[in-house]
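Geometric and topological summary
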Amino acid sequence: MSETLVSYSRLTEFTAACLEKLGLAAADARLVAETLVASNLRGVDSHGVVRLPHYATRLRNRTVKARPQISVRRTGPSTAIVEGDSGMGQLVATRAMNEAITLAREAGVGAVTARNSSHCGACAWFVELAVKQGMLGVALTHTDAIMVPPGMKRIFLGSNPIAFGAPGAGQPPVIIDMSTTHVAWGKVLVARQEGKSIPPDWGVDARGRPASDPNEVVGLAPTGSHKGYALALMIEILCAVLAGVPHGLHVTKMYGELEKPRNLGHFMLALDIARFGEPSAFRAQIDRLVVEIRAQEAADPARPPLAPGDPEHLCAALRAREGVPLPDSLIAELNALADGLQVAKL
């Protein structure tokens with residue numbers, strides 16, 4: 001498979017230009033573009049610009065609104081609800097986390113649900129918003145059903161990701177961002193696009209059997225079997241049931257029901273470290289913790305121990321220098337979109 005390196009700045013400008021042509025306000029287009037390209041930069045290509053053609057489809061058919069009326073309703077000293085009005089999920093979730101941060105400054109903790117949203121991309125972006133303010137952040141979202149839980153033959157829950165962020169002093173922050181399935185569905189999409197096989201523990205075929213051909217995968221396996229299933233259910237409750245939006249099998253399919261709004265929910269939590277102790281001492285201890293992790297004896301000398309977030313941090317540094325590698329097939333798809341929007345090609 002042939003690839004082309006595209007600079008971070010060029011890819012961001014291109015993505016923002018496309019989104020603005022699709023109706024987003026310039027500032028909103030830039031924010032969504034930055035979230036997508038940040039995923040590519042960190043090596044999480046499944047949640048990067050590969051999603052742009054799909055977003056274009058939904059913006060064009062108005063199941064995602066380009067200019068939603070996003071609103072916030074405070075429900076208590078440390079709680080709020082964000083109404084997404086079928087807007088881009090990145091905009092809705094960013095509003096929710098920013099509100100959680102504001103509440104945490106005032107009350108020590110901020111817990112915010114968001115409703116009537118759409119796909120928000122990688123949740124790492126939102127916990128990093130809290131980390132940049134010196135806070136702990138937790139970001140959850142649910143998805144349409146794609147997980148086949150233990151004991152079931154068919155899909156029932158989404159890949160329901162969970163993200164957590166903690167600031168350090170001199171070391172990079174601890175950033176955890178993972179789906180509750182063994183992998184995210186986006187990785188299966190990338191494997192399809194690149195014509196690669198996948199490990200058999202990623203997903204199952206229509207008969208409920210492990211599949212190595214990504215084109216045969218109809219459902220994903222939970223990470224850690226019943227443990228990943230239980231975590232996914234917890235996230236479903238916090239993001240769907242608590243927010244009052246459809247759950248499980250009732251969630252609009254991202255790709256299969258393009259004529260319907262997504263109506264997704266998110267849950268954002270921010271904690272003010274200063275309410276629990278001295279922030280500088282906390283950050284220094286985070287540094288010691290991650291340094292000790294990396295100093296442990298390696299089981300395989302070729303693969304030294306890393307703290308969560310290290311692989312993405314190292315990848316981001318490399319790609320910021322050298323560029324983001326994009327399959328030429330994806331570049332062709334993006335350039336076809338650009339042609340229709342009268343945007344300069346990559």
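Let me sum up the structure you'll find in this document. Since we're looking at a predicted model, the values are computed, not measured.

1. So, the sheet that holds strand β7 (residues 174-178)
One open sheet holds the 7 strands; their spatial order is β2-β3-β4-β10-β5-β6-β7, and the pairing between them is mixed. The open sheet is flanked by β2 (71-76) and β7, the only strands paired with a single partner. Strand-to-strand twist of the sheet, defined as the mean angle between neighbouring strand axes without regard to direction, takes the value 15°. Where strand β5 (residues 135-141) and strand β10 (residues 264-272) come together, 7 bridges link them in antiparallel fashion.

2. Things to note about helix α3 (residues 52-61)
Of all 10 residues that make up α3, 7 are buried, and the element is covered over most of its length. At its buried positions, α3 is contacted by α1 (8-21), α2 (26-41), α4 (89-107) and α10 (328-341). Among the residues trailing α3, R62 stands out with phi positive, at a value near 65°.

3. Overview of the pattern of salt bridges
The tally for this structure, following the rule as stated, stands at 13 salt bridges. Between E99 and R74 there is a salt bridge, with its nearest N and O atoms 2.8 Å apart. Here E99 is found in helix α4, whereas its partner R74 is found in strand β2, with 25 residues between them in sequence. Judged by its relative accessible area of 13%, E99 is buried. Its relative accessible area of 40% is what places R74 among the partly exposed residues. A salt bridge links D339 to K345; the shortest N-O distance between them is 3.5 Å. Of the residues examined, D339 reaches a relative accessible area of 48% and is grouped as partly exposed. Several salt bridges share partner residues, and in doing so they unite R74, E99 and E106 into one network.

4. Section: the side chain of D205
Tracing the chain through its elements places D205 in the loop between β8 (203-204) and β9 (219-220). Judged by relative accessible area, D205 falls into the buried class, the value being 6%. A polar side-chain atom of D205 sits 2.9 Å from the main-chain amide nitrogen of R207.

5. Here we look at the environment of S46
Mapping S46 onto the fold places it in the loop between α2 and α3. Classification of S46 by relative accessible area gives buried; the value is 5%. Setting aside residues no more than four positions away along its own chain, S46 makes contact with R51, G186, K187 and V190. Within the structure, S46 has its side chain in polar contact with the side chain of H47 (distance 3.0 Å).

About the thresholds
Residues numbered from 1 in each chain as written. Predicted model: local features only at pLDDT ≥ 70, side-chain atom pairs only at ≥ 80, totals over all residues. Heavy atoms only, no water. Pairing = 2+ DSSP bridges. Helix = DSSP H or I, 4+ residues; strand = E, 2+ residues; numbered from the N terminus. Axes fitted to C-alpha atoms, helices over the stretch in contact; angles between N-to-C directions. Buried < 20%, exposed > 50% of the residue type's maximum accessible area, 1.4 Å probe, protein only. Contact = heavy atoms within 4.5 Å. Salt bridge = Lys/Arg side-chain N within 4 Å of Asp/Glu carboxyl O. Polar contact = N/O pair within 3.5 Å; in protein donor to acceptor, adjacent residues only side chain to side chain.

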